[in-house]
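Coordinate analysis (summary)
Given next are the chains, with one letter for each unit.
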Amino acid sequence: MKERKRIIPLSLVLSLAVVSLSGFSGDTGKEVDYSSEENWAYCEREDTDSRADVFFICPTVYGGSEEAGNMSLEDEETKESFLGAINMEKGIYDEDCRFFAPYYRQMGLGIYELGRDSWEEYLSMAYEDVEDAFLYYYENYNEGRPVILAGFSQGADLCLRLMKECFDEEELQEQLVACYAIGWSLTEEETEEYPYLKPAQGEEDTGVIVAFNSEAEEITDSMMIPEGTKTFAINPLNWKTDSTPADKSLNLGACFTDYSGEIGTEIPELTGAYLDEERGALKVTDVTPEEYPAGLDLFEDGIYHLYDYQFFYRNLQENVETRLDAYYESQAGA
């Protein structure tokens, strides 16, 4: 038990210091210039031989301050954490792919404490930057290449917003390999309003959204899936969308990475999982909240949000390649 506790991604947890919730204001700085490479954590535009492009949106690393609810791009210390958080997940996506990840004025973690009614003012600024970065990338670097969208937590939320606002264009839909919106929810109401948002149904379909939220079996409410809400999801161990249990033998490897992206600990067959038909949550078996505590005051123990990528690292890594192969096969047969 104690040994497993040591592999919590503490570098991520410690970067998320939440400040006092009073006095937040928006950072109303000038628009971000994405023609400048200093505003990109990664901008691998020179690698023209890779199979696809990954556009990755970083999770929350900025805690917030009494002066600003959105991260300043002049904050070099937080930008180091921003880069580190990307590196923790980059290895899942970057095999044979160019990697693009913009710095953006993300919403501070403390804003989440205020409740959903308070988020939009701050998320709108974060989204404005993400959309500007994506459109600059698409118009200047993409050149018709297949695209993988990916993000985690706030990054996943912003991935879905980007899908809603930009992927109504048929050309972009045809270029989309998949959108990995891990650690956020996608509801039936959203897919009805935006019919081009298509939840993944298996391990090989393309142009789809891959999403799930990990939690213990006893959890009935979380920030990502409020009680009474149901989200679309897929099980990353058996790639099914029903409640069919996936045994831990299907887990190719849980990987616990650091801010360099290096894998410090890898545990094959750590956990099984099944989908809860009422919530759409991914119920994780074979581990306990005592072994893998939530790590943030926003979550009660048993909400495995910080481990969404870590628990299923190798399965996700394999699936990116599987979907990319399927995309090229479909293009060859078109």
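Conventions we followed
- Residues numbered from 1 in each chain as written.
- Predicted model: local features only at pLDDT ≥ 70, side-chain atom pairs only at ≥ 80, totals over all residues.
- Heavy atoms only, no water.
- Helix = DSSP H or I, 4+ residues; strand = E, 2+ residues; numbered from the N terminus.
- Rg over C-alpha atoms; globule rule 2.2 N^0.38 Å.
- Areas by Shrake-Rupley, 256 points an atom, 1.4 Å probe, with all protein chains shown as cover.
- Lys, Arg positive; Asp, Glu negative; His and termini not counted.
- Charge placed at Lys NZ, Arg CZ, Asp CG, Glu CD.
- Core = buried A, V, L, I, M, F, W, Y, C linked by side-chain atoms within 4.5 Å.
- Buried < 20%, exposed > 50% of the residue type's maximum accessible area, 1.4 Å probe, protein only.
- Contact = heavy atoms within 4.5 Å.
- Phe/Tyr/Trp six-rings, centres within 6.5 Å; stacked < 30°, edge-to-face > 60°.
- Pairing = 2+ DSSP bridges.
- 1 Å grid on protein atoms, 1.4 Å probe; cavity = no way out; pocket = protein on both sides within 12 Å on 5 of 7 lines; lining within 4 Å.
- Points joined across faces, edges and corners; volume = space filled by probe spheres on them.
- Nonpolar A, V, L, I, M, F, W, Y, C, P; charged D, E, K, R; others polar.

An unreviewed UniProt entry lists the protein chain under the name DUF3089 domain-containing protein, with Candidatus Blautia faecigallinarum as the source organism.

Across its full length, the protein chain carries ten helices and eleven strands. Its C-alpha radius of gyration of 19 Å places the protein chain within 12% of the 20 Å reference for a compact globule of 334 residues. Once the C-alpha set of the protein chain is aligned to its principal axes, its extents read approximately 55 × 45 × 40 Å. In the structure as shown, the protein chain presents an accessible area of about 13900 Å², 43% of it carried by carbon and sulfur atoms. Charge separation in the protein chain, taken as the distance between the mean sites of 23 positive and 72 negative side-chain charges, equals 4 Å.

As a further point, take the nonpolar core. General note: in soluble globular proteins, nonpolar side chains tend to be found buried as a group. With 111 residues, the main nonpolar core has F55, Y93, L149, Y180 and F311 as its most contacted residues. Of all the elements, helix 5 (residues 120-142) adds the most residues to this core, at ten residues. Contacts of L149, omitting those with residues within four sequence positions, involve F55, F134, C159, L162, M163, F167, L176, A178, C179 and Y180.

This next bit is on the packing of aromatic side chains. This model, assessed by the stated rule, comprises 31 aromatic pairs. Seen from their ring centres, W40 and F100 are 6.3 Å apart, and the 80° between their planes marks the pair as edge-to-face. Here W40 is found in strand 1 (residues 40-43), whereas its partner F100 is found in strand 3 (residues 97-102), with 60 residues between them in sequence. By relative accessible area, which is 5% here, W40 ends up buried. For F100, a relative accessible area of 0% corresponds to the buried category.

Attention shifts here to the sheet that holds strand 10 (residues 272-275). The strand order 7-11-10 describes an open sheet built from three strands, whose pairing is mixed. Every other strand in the sheet has two partners, leaving strand 7 (214-215) and strand 10 as the edge strands with one partner each. With four bridges joining them, strand 10 and strand 11 (residues 282-285) adopt antiparallel strand pairing. Of the residues in strand 11, the one forming a bridge with A273 is V284.

Moving on to empty space enclosed by the protein. All chains considered together, the criterion is met by two cavities of 30 Å³ or more. Each pocket or cavity is described by its volume, and for the second largest cavity that value is around 40 Å³. What lines the second largest cavity is simply L186, P199, A200, I209, V210, A211, F232, A233 and I234. Taken together, the residues of the lining of the second largest cavity break down into nine nonpolar, no polar and no charged.

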